[in-house]
Amino acid sequence: MTARIIDGKAIAAELRARVASEASRLKRESGLTAGLAVVLVGNDPASEIYVRNKHRETQAAGMVSFEHRLPADVSQAELLALVAKLNRDPAVHGILVQLPLPKSLRTETVINAIDPAKDVDGLHPQNAGRLAGGFAALSPCTPLGCIILTKSVHASLEGLNAIVIGRSNLVGRPLLQLLLNENATVTIAHSRSRELPKLCARADLVYAAVVKAEMVRGDWIKPGATVIDVGINRLAAADGKTRLVGDVAFAEASQIAGAITPVPGGVGQMTVACLLVNTLRAACAIAGLPKPAV
């Protein structure tokens, strides 16, 4: 058995096209142009790449992109003042402070300062609480992308057994809530879970988000299961360079699973696309307009 490869790149491109279509319609019918503000503190190379991609894709979708670059030694007060300014700006509908922040800054304080209505990263406690309660909320982008990828295989997740390996606030915990909202039966596992291979072997849906290279082996997977690999790990290659791998041993798992995401080319492609979705949804909610068709 060879698994179907879930093409995150193609699915993300289709989603971005739908966002652009909806953004164009909203501008035409309501005069609304969604605006996303991204704040980058310092010059972390990976963060700079992410911010550049977000800027490009935001503009390509017909939305306004506001970039704010601050030095690594910026004070907590200065960063909070910028967030407060963006909260008040009517042209800004989404605010994203690129993580990680320098250790001199208190990440939780910064996240809590963002207007929940503009929290397109879905990390504000109010959004996290609403999601946990089963209410409408802005959801973190990567878990939202995981659900969309899964639905490219399964029209409905109702009644399916799912396991989420990893309990971070960025992926594992919100993904659990999103799966419950889809009426899946969910187990959440982590580094202290006992008999993890046996837990995985019962799951129709496996989500690996532990940031541990190829931890999930092929013989953990139930035949025909759908595997969504959130991990991005860099390993040394034979030629002295490095290669990207996920949290799942892809070569093994792809011989047993029914469908699987590759790394790269899977979940990572969806994160920015879902950020655009959240920005458009936030803009409509703030303007009192119906939820967009994305």
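None of the values given here were measured: they were computed from a predicted structure.

Novice: In this structure, what is going on with the sheet that holds strand E1 (residues 4–5)? I would like to understand it.
Specialist: The strands making up a sheet associate through hydrogen bonds between their backbones, and the pairing can be parallel or antiparallel. Strand order in this open sheet of 6 strands is E1-E11-E8-E7-E5-E6, and the pairing throughout is parallel. Each edge of the sheet is formed by a strand with only one pairing partner; in this case those strands are E1 and strand E6 (185–189). With 4 bridges joining them, strand E7 (residues 205–208) and strand E8 (residues 226–229) adopt parallel strand pairing. When the bridges of E8 are listed, Val-206 appears paired with Val-227. Helix H7 (residues 172–181) rests against strand E5 (161–165), E6 and E7 of the sheet, and its axis sits at about 170 degrees to E6.

Novice: What is the right way to read helix H6 (residues 141–151) from this model?
Specialist: Residue pairs three or four apart in sequence face the same way in an α-helix, which turns once every 3.6 residues. Along H6, 9 of the 11 residues are buried, which leaves the element largely enclosed by surrounding structure. Among all positions in H6, only Cys-141, Thr-142, Pro-143, Leu-144, Gly-145, Cys-146, Ile-147, Leu-149 and Thr-150 are buried. Packed against the buried residues of H6 are helix H1 (8–30), H7, E7, E8 and helix H10 (268–287).

Novice: Can you walk me through the state of the cysteines in this structure?
Specialist: Structurally, a disulfide amounts to a covalent bond that connects the sulfur atoms of two cysteines. Considering all chains together, one arrives at 0 disulfides under this definition. Looking at the unpaired Cys-200, the closest cysteine sulfur is the one in Cys-146, lying at 15 Å. Residue Cys-200 is classed as buried on the basis of its relative accessible area of 0%. Unpaired in terms of disulfides, Cys-274 finds its nearest cysteine sulfur in Cys-141, a separation of 6.3 Å. Since its relative accessible area comes to 0%, Cys-274 is described here as buried.

Novice: Got a minute to help me understand the pairing of strand E9 (residues 233–236) in this structure?
Specialist: Where a strand is regular, its side chains alternate between the two sheet faces. In the sheet, E9 pairs with strand E10 (residues 242–245) via 4 bridges, with the strands oriented antiparallel. Each bridged residue has a counterpart across the sheet, and for Arg-234 the counterpart in E10 is Leu-244. What sits between the antiparallel neighbours E9 and E10 is a turn of 5 residues, in which Gly-240 has the positive phi angle 90 degrees.

Novice: In this structure, what is going on with the packing of helix H2 (residues 45–60) against H10? I would like to understand it.
Specialist: When two helices pack together, their arrangement is given by the angle between the helix axes and by the axis-to-axis distance. It is the contact of H2 with H10, at a shortest axis distance of 10 Å, that shows an interaxial angle of 50 degrees. Between H2 and H10, the crossing angle belongs to the class labelled oblique. Pair H2 / H10 crosses with right-handed handedness. Residue-level contacts link Asn-53, Lys-54, Glu-57 and Thr-58 of H2 to Val-272, Leu-275 and Leu-276 of H10.

Novice: Please explain the nonpolar core as it appears in this structure.
Specialist: One recurring pattern in soluble globular proteins is that nonpolar side chains are buried together. Counting 53 residues, the largest nonpolar core has Val-19, Met-63, Leu-179, Tyr-207 and Leu-280 as its most contacted members. Contributing elements (two or more residues each) for this core: H1, strand E2 (35–41), H6, E5, H7, E7 and H10. In terms of residues, this core owes the most to one element, H10, which gives 10 residues. Dropping the residues within four chain positions of it, Leu-280 is found in contact with Val-19, Glu-22, Ala-23, Leu-26, Ala-34, Met-63, Pro-292 and Val-294. Membership of the second largest hydrophobic core comes to 19 residues, among which are Leu-196, Trp-220, Ala-225 and Ala-253.

Novice: I keep staring at unusual backbone geometry and nothing clicks. Help me out?
Specialist: Trans peptide bonds make up most of the peptide bonds, and negative phi angles are found at most residues other than glycine. Here Leu-99 and Pro-100 are connected by a cis peptide whose omega angle stands at 5 degrees. Structurally, Pro-100 is set in the loop between strand E4 (94–97) and helix H4 (107–113). Residue Val-263 is joined to Pro-264 through a cis peptide bond whose omega torsion reads 0 degrees. Notably, Glu-214 is not glycine yet its phi reads approximately 50 degrees, a positive angle. Relative to the assigned elements, Glu-214 resides in the loop between E7 and E8. You can call Glu-214 partly exposed: its relative accessible area is 24%.

Reading the values: rules and limits
- Residues numbered from 1 in each chain as written.
- Predicted model: local features only at pLDDT ≥ 70, side-chain atom pairs only at ≥ 80, totals over all residues.
- Heavy atoms only, no water.
- Pairing = 2+ DSSP bridges.
- Helix = DSSP H or I, 4+ residues; strand = E, 2+ residues; numbered from the N terminus.
- Contact = heavy atoms within 4.5 Å.
- Axes fitted to C-alpha atoms, helices over the stretch in contact; angles between N-to-C directions.
- Buried < 20%, exposed > 50% of the residue type's maximum accessible area, 1.4 Å probe, protein only.
- Disulfide = S-S within 2.5 Å.
- Parallel < 35°, antiparallel > 145°, perpendicular 65-115°, else oblique.
- Left-handed = near helix turned anticlockwise from the far one by under 90°.
- Core = buried A, V, L, I, M, F, W, Y, C linked by side-chain atoms within 4.5 Å.

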